[in-house]
Amino acid sequence: DQQVKQNSPSLSVQEGRISILNCDYTNSMFDYFLWYKKYPAEGPTFLISISSIKDKNEDGRFTVFLNKSAKHLSLHIVPSQPGDSAVYFCAASGGSQGNLIFGKGTKLSVKP
Amino acid sequence: KAGVTQTPRYLIKTRGQQVTLSCSPISGHRSVSWYQQTPGQGLQFLFEYFSETQRNKGNFPGRFSGRQFSNSRSEMNVSTLELGDSALYLCASSLASIGQETQYFGPGTRLLVL
């Protein structure tokens, strides 16, 4: 039973356009959400997080939106750059889950 | 500030052997978590240590164990290796083990079991 789902295994975007990565969760006790970026054979790199008391958090080109009623969050990257090409993981924690629960990732390809 | 370091980076073992992986957290971080990443299962939580005590454990068999030392460094041990244990093992550290904490990951140890 997947508690965090990233339903799009891959996404292709043109350089300069917006990339939108989506994530759904089922556990209403989750109260902290994170996005990580991962290159092959490397560890995940923390990008941005959001607490459940907020609905938006911004850091440079990256913005995370949280819709608690829909149990949905999204990561917007504007403008997208070729260096953004990587696998993006959504993760959540909270309630009895002291650890992070990860989605299976979305592979983003940004084409020049 | 130095990041999370893991040693070794790559390891080849045969079935039935055991292996020990090491993780040094970011200075000042007291919580260390271990994750297994495989192509089919994604990132799965193994266990978490805080102040030398295991605080949380995932759904892995008892062949997977760990410990944490007084300097917060952590080791993970896998006994009686199976082919399915081939994976990228990731260590992550955070300041504390409870609450809205961001975990920072090391580069991982790639384990291949033949």
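Described below are features of the structure shown in this document. Small disclaimer: the values here were computed from a predicted structure and weren't measured.

Calculation notes
- Residues numbered from 1 in each chain as written.
- Chains lettered and ligands numbered in written order.
- Predicted model: local features only at pLDDT ≥ 70, side-chain atom pairs only at ≥ 80, totals over all residues.
- Heavy atoms only, no water.
- Salt bridge = Lys/Arg side-chain N within 4 Å of Asp/Glu carboxyl O.
- Helix = DSSP H or I, 4+ residues; strand = E, 2+ residues; numbered from the N terminus.
- Buried < 20%, exposed > 50% of the residue type's maximum accessible area, 1.4 Å probe, protein only.
- Pairing = 2+ DSSP bridges.
- Axes fitted to C-alpha atoms, helices over the stretch in contact; angles between N-to-C directions.
- Contact = heavy atoms within 4.5 Å.
- Polar contact = N/O pair within 3.5 Å; in protein donor to acceptor, adjacent residues only side chain to side chain.
- Disulfide = S-S within 2.5 Å.

Considering the pattern of salt bridges
Residue and element names in this part refer to chain B.
- The full count for this structure, using the stated rule, is 6 salt bridges over all chains.
- Between Glu82 and Arg63 there is a salt bridge, and its shortest N-O distance comes to 3.6 Å. With Glu82 in the loop between strand S8 (74-78) and strand S9 (87-94) and Arg63 in the loop between strand S6 (53-57) and strand S7 (64-68), this residue pair connects regions lying 19 residues apart in the sequence.
- Exposure remark for Glu82: the relative accessible area of 42% places this residue in the partly exposed category.
- Overlapping salt bridges bring together Arg63, Glu82 and Asp85 as one network.

As for the sheet that holds strand S1 (residues 4-5) of chain A
All names here are of chain A.
- With antiparallel pairing, 5 strands are arranged side by side in an open sheet as S1-S3-S8-S7-S6. Two strands close off the open sheet at either side, each with one partner strand: S1 and strand S6 (56-59).
- Where strand S3 (residues 19-25) meets strand S8 (residues 72-77), 6 bridges bridge the pair, whose relative direction is antiparallel. If you follow Asp24 over to S8, its bridge partner there is His72.

Notes on the sheet that holds strand S3 (residues 19-24) of chain B
All names here are of chain B.
- Pairing in this open sheet of 4 strands is antiparallel, and the strands run S1-S3-S8-S7 from one edge to the other. The outermost strands of the open sheet, each flanked by one partner alone, are strand S1 (5-7) and S7. The mean inter-strand angle of the sheet, taken between neighbouring strand axes irrespective of direction, is 20°.
- In this structure, S1 lies alongside S3, joined through 3 bridges in antiparallel fashion. Looking at S3, one finds that Thr7 is bridged to Ser22.

Remarks on the environment of Thr106 of chain A
Residue and element names in this part refer to chain A.
- Considering the arrangement of structural elements, one finds Thr106 in strand S11 (residues 106-111).
- Along the chain, Thr106 and Pro9 lie 97 residues apart, while their C-alpha atoms are 4.6 Å from each other.
- Aside from chain neighbours lying at most four places away, what touches Thr106 is Gln6, Ser8, Pro9, Ser10, Leu11, Leu21, Ala86, Val87 and Tyr88.
- Of the polar contacts made by the side chain of Thr106, one reaches the backbone oxygen of Ser8; its length is 2.6 Å.

So, the state of the cysteines
- On inspection of all chains with the given rule, the structure shows 2 disulfides over all chains.
- Residue Cys23 of chain A pairs covalently with Cys90 of chain A via a disulfide, S to S 2.0 Å. Residues Cys23 of chain A and Cys90 of chain A are joined by a disulfide whose S-S torsion is about -70°; by sign, that bridge is left-handed. In this pair, Cys23 of chain A is assigned in strand S3 and Cys90 of chain A in strand S9 (residues 86-94), connecting sequence segments 67 residues apart. With respect to burial, Cys23 of chain A and Cys90 of chain A carry one shared label: buried.
- There is a disulfide in this structure between Cys23 of chain B and Cys91 of chain B, and the S-S distance comes to 1.7 Å. Around the S-S axis, the bridge from Cys23 of chain B to Cys91 of chain B shows a dihedral of about -50° and counts as left-handed. One end of the pair, Cys23 of chain B, is in strand S3; the other, Cys91 of chain B, is in strand S9, and 68 residues separate them in sequence.
- You can call Cys91 of chain B buried: its relative accessible area is 0%.

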